[in-house]
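Listed below, chain by chain, are the residues.
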Amino acid sequence: MSTHSYLDFEKQVAELEGKVQELRQLASDDSTMDIADEVQKLESKSATLLRETYAKLNPWQKTQVARHPYRPHFKDYIDRLVEDFTPLAGDRYYGDDEAIQGGLGRFKGRSVVVIGHEKGNDTSSRLKHNFGMAMPEGYRKAVRLMDMAERFDLPVLSLIDTAGAYPGIGAEERGQAEAIARSTEKCLTLGVPMVSIIIGEGGSGGAVAIATANKVLMLEHSIYSVISPEGCASILWRDPAKSKEAAAAMKLTAQDLLEHNIIDLIIPEPIGGAHRGREAVMDAAGDAAIEALQSLSGLSADELRRQRQDKYLAMGRVAGTA
Amino acid sequence: MNWLTKIVRPKISTLWKKRDTAENLWHKCAQCGEMIFHRDLEAAQKVCPSCQHHMRLPARDRLQSLFDGGSYDEVEYPDVQIDPLNFKDEKKYTDRLKAARNKTGDKDAFIIAAGTLDAQSIVVALQNFEFMGGSLGMAAGEAIVRAADEAVTRKTPLILFAASGGARMQEGILSLMQLPRTTVAVQRLKDAGLPYLVVLTDPTTGGVTASYAMLGDIQIAEPGALVGFAGPRVIEQTIREKLPDGFQRAEYLKDHGMVDMVVHRHELRATLSRLVRLLMEKGMAAQITAPVSEPAQLPVTQVQTTLAVAANEDTDPRAEKDAAE
Ligand SMILES: [Zn+2]
């Protein structure tokens, strides 16, 4: 898949890579041209620039990387990491929500339940998956799948990638808030190991609902926040154009979250972001997930529940108080 | 550790005096325009006598009107780290916090109170919209955990009055983490077999509804209260159409099966009292070791049937419906 969808802060990289392409085009028309040296120079310059840029991305730039359309999505991870994936559908109350996908599969040799948000990768699939913004049915399906995982003693792996739960009339009508609350509650009482990976955007309650896990991992340039930078800017600054400031103020990067003990591990991304090394990042995520699951094996159902509950009870508590 | 800080006794006379200023003598109902004399409005618990519009009730007025004799103990909750993200928008978070503390005299958006309701022990957690829109941050999370623990220790139900614009954005991800955290608190209450009653008041929106405020054993809403996950403005911007009348109001929630009942403020105390009595008596069933003299000769199955019928009567949905109307 092409990665030629440059972000605004990658302009110089785009120019350099454009020049390389131009040279190659010229050389293919004229076989007497020797472009090897020039191409190598340009490529090394562009690689250095990319490395330097991505080493110091600011929170707003990370937000853009986290939302990059070519970043691997749920379906890509499933194709790469899960054998015998068998999607399961429906909440058994009202309908099926395509923004949250889930099912059974074999991950690194063992049977698991996988749940996650899917944003889609072209216009028709984006519409089908509602851009990864789930309805109550999605969360109720997640609860159903977690119930099943518990019944058959299967670990749960969740992949988080949503701007947030969908804000619409139908969603409210059918109890979006209650559905999210119940799903979070189910995560907390689950008697099997649960590992979550924030692969792109972790948007508010819509993310928490399936990310309240024993171990939460984050890709290096993914984000996890209480509200989108745009939403925060329009409420607190009364100006959506202040998204950059809001992104910085909210501390939504993987690095910030690790510092505040909200997550357990950062999974490094290839230079230039997950979309420039899709297979490498999916493999790294797979390795990190199996390691996290293995670290939980041997814990009883009660110990797993207690670990999760103690972890979340401590979030925001000053050490030493009751 | 003793968390009890102050015992609140009603001082009705000073309450009146404080507000006896000329400009505060008359209040105009925002819904019907009726001019209401302030004492009448206070006496009516801020419900418009002519159209029944429920206005926002100050936090401590609500507590006074709920507890026996208007008296209760306030329970302190632990301090949290102030502004760990060093957050600044147009104002510093620490300044906003200071202003809210000065305005309310409280340390954050929750008040925990313990006392009796018709001689039954209860713990109440009340979310104060006056304090930064009742926003859910670490302190509110701490308060809910504390209130649930207090209820578990005292073996009493927890009644939670929700009022909030949502998560406290100035605490970023730490405020989001209060969703699972408060859910754990509710879980502990449920593990202890104690009732958790939620009263949704105007307005309750955002992350608050996606956690503790929607997990009650019984969900009550005040008439007209706006309750929803996404705010109406956000929805309108997303779908680009006008929202239907009454959308996300208490009655709408009742119609869509999201709350058990919509209860007029004047009926609220009696309703809560009855629910507490019914739910706490249910716990007694397990303690019946020997059958009472009369059914002794009845076959066991019949005794069970009798108990089952009694339980059904106790939770007769028609009784709840009456209260709602
Ligand atoms: Zn009126």
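Residues numbered from 1 in each chain as written. Chains lettered and ligands numbered in written order. Predicted model: local features only at pLDDT ≥ 70, side-chain atom pairs only at ≥ 80, totals over all residues. Heavy atoms only, no water.

A.B. asks: How should the domain arrangement of chain A be read in this particular structure?
C.D. replies: Much of the literature gives interface size as the accessible area that the parts lose upon coming together. Residue and element names in this part refer to chain A. Per the domain assignment, the segments making up chain A are domain 1 (8-56) and domain 2 (64-316). The distance between the C-alpha centroids of domain 1 and domain 2 comes to 36 Å. On the domain 2 side, the residues contacting the six residues of domain 1 number eight residues. Summed over both partners, the interface of domain 1 with domain 2 buries about 640 Å², with 60% contributed by carbon and sulfur atoms. Considering only the surface of domain 1 that becomes buried against domain 2, Phe-9, Leu-50 and Tyr-54 emerge as the three largest contributors, covering 65% of it. The tally of links from domain 1 across to domain 2 stands at one salt bridge. One salt bridge connects Arg-276 with Glu-10, and the closest N-O pair in it is separated by 3.0 Å. Where domain 1 packs against domain 2, one counts three residue pairs in polar contact (both at pLDDT 80 or more). Considering only residue class, the side of domain 1 that touches domain 2 consists of three nonpolar, no polar and three charged. (Domains from an automatic or database assignment. Contact = heavy atoms within 4.5 Å. Buried area = accessible area lost by both parts, 1.4 Å probe. Salt bridge = Lys/Arg side-chain N within 4 Å of Asp/Glu carboxyl O. Polar contact = N/O pair within 3.5 Å; in protein donor to acceptor, adjacent residues only side chain to side chain. Nonpolar A, V, L, I, M, F, W, Y, C, P; charged D, E, K, R; others polar.)

A.B. asks: Please explain the packing of helix H6 (residues 136-151) of chain A against helix H8 (residues 176-189) of chain A as it appears in this structure.
C.D. replies: Residue and element names in this part refer to chain A. Following both chains from N to C, one finds H6 and H8 inclined at 20 degrees, their axes separated by 8 Å at the closest point. Put simply, H6 runs roughly parallel to H8. Crossing of H6 over H8 shows left-handed handedness. On H8, the residues touching Pro-136, Tyr-139, Arg-140, Ala-142, Val-143, Met-146, Asp-147 and Glu-150 of H6 are Gln-176, Glu-178, Ala-179, Ile-180, Arg-182, Ser-183, Lys-186, Cys-187 and Thr-189. (Axes fitted to C-alpha atoms, helices over the stretch in contact; angles between N-to-C directions. Helix = DSSP H or I, 4+ residues; strand = E, 2+ residues; numbered from the N terminus. Parallel < 35°, antiparallel > 145°, perpendicular 65-115°, else oblique. Left-handed = near helix turned anticlockwise from the far one by under 90°.)

A.B. asks: What's the story with the pattern of salt bridges in this structure? I'm lost.
C.D. replies: Pairing between side chains becomes possible if they bear opposite charge and their charged atoms approach one another. Scanning all chains against the criterion turns up 43 salt bridges over all chains. We note a salt bridge from Lys103(B) to Glu130(B), for which the minimum N-O separation is 3.7 Å. Here Glu130(B) lies in the loop between strand S6 (120-127) and helix H5 (138-154) and Lys103(B) lies in helix H4 (residues 93-104), a separation of 27 residues in the sequence. Residue Lys103(B) is classed as exposed on the basis of its relative accessible area of 57%. Taken together, the salt bridges that share partners define one network made up of Arg67(A), Lys119(A), Asp161(A), Glu201(A) and Glu230(A). (Buried < 20%, exposed > 50% of the residue type's maximum accessible area, 1.4 Å probe, protein only.)

A.B. asks: So what exactly am I meant to see when it comes to the coordination of the zinc ion here?
C.D. replies: Each pair of donors in an ideal octahedron of six around a metal sits at 90 or 180 degrees, and each pair in an ideal tetrahedron of four sits at 109.5 degrees. Residues and elements named next belong to chain B. The protein atoms donating to the zinc ion are Cys-29 (SG), Cys-32 (SG), Cys-48 (SG) and Cys-51 (SG), with metal-donor distances spanning 2.3 Å. In this structure, the zinc ion is surrounded by four donor atoms whose angles at the metal cover 106 to 111 degrees, and the resulting shape is tetrahedral. Within one chain, the residues donating to the zinc ion are spaced in sequence as C-x2-C-x15-C-x2-C. On the criterion of sequence distance, the pair formed by Cys-29 in the loop between strand S2 (26-28) and strand S3 (35-37) and Cys-48 in the loop between helix H2 (38-43) and helix H3 (59-66) is long-range, its members being 19 residues apart. Across the pair, exposure class does not vary: Cys-29 and Cys-48 are buried alike. (Donors = N, O, S within 2.8 Å, 3.2 Å for Na, K, Ca; no water. Tetrahedral: all angles 85-135°; square planar, octahedral: opposite > 155°, others 65-115°.)

A.B. asks: I'm lost on the confidence of the model for chain B in this one. Help?
C.D. replies: Do not read the fine detail of predicted coordinates wherever pLDDT is low. Taken as a whole, chain B shows an average pLDDT of 86; of its residues, 81% reach a score of 70 or greater. Model confidence for the complex: the whole-complex pTM is 0.88, and ipTM, which rates the interface, is 0.93. (pLDDT = per-residue confidence, 0-100.)

A.B. asks: Mind showing me how you'd approach the side chain of Ser46(A) here?
C.D. replies: Within the fold, Ser46(A) resides in helix H2 (residues 36-55). What makes Ser46(A) buried here is its relative accessible area of 6%.

A.B. asks: Looking at this structure, how should I read the interface of chain B and chain A?
C.D. replies: Each partner contributes residues to the interface: chain B has 53 residues there, and chain A has 47 residues. Between chain B and chain A, roughly 4,300 Å² of surface is buried when both sides are summed, and carbon and sulfur atoms account for 71% of that area. When the buried area of chain B at its contact with chain A is split by residue, Met169(B), Ile173(B) and Phe229(B) rank highest and sum to 16% of it. Our count for the contact surface shared by chain B and chain A stands at two salt bridges. Across the salt bridge formed by Arg238(A) and Glu90(B), the nearest N and O atoms sit 2.6 Å from each other. Counting across the chain B and chain A interface gives nine residue pairs in polar contact (both at pLDDT 80 or more). Of all the secondary structure elements, the ones that give two or more residues to the side of chain B that touches chain A are H5, helix H6 (172-176), helix H7 (178-191) and helix H8 (232-239) of chain B. At nine residues, H7(B) tops the list of elements feeding residues into the side of chain B that touches chain A. Across the side of chain B that touches chain A, the residue classes break down as 30 nonpolar, 13 polar and ten charged.

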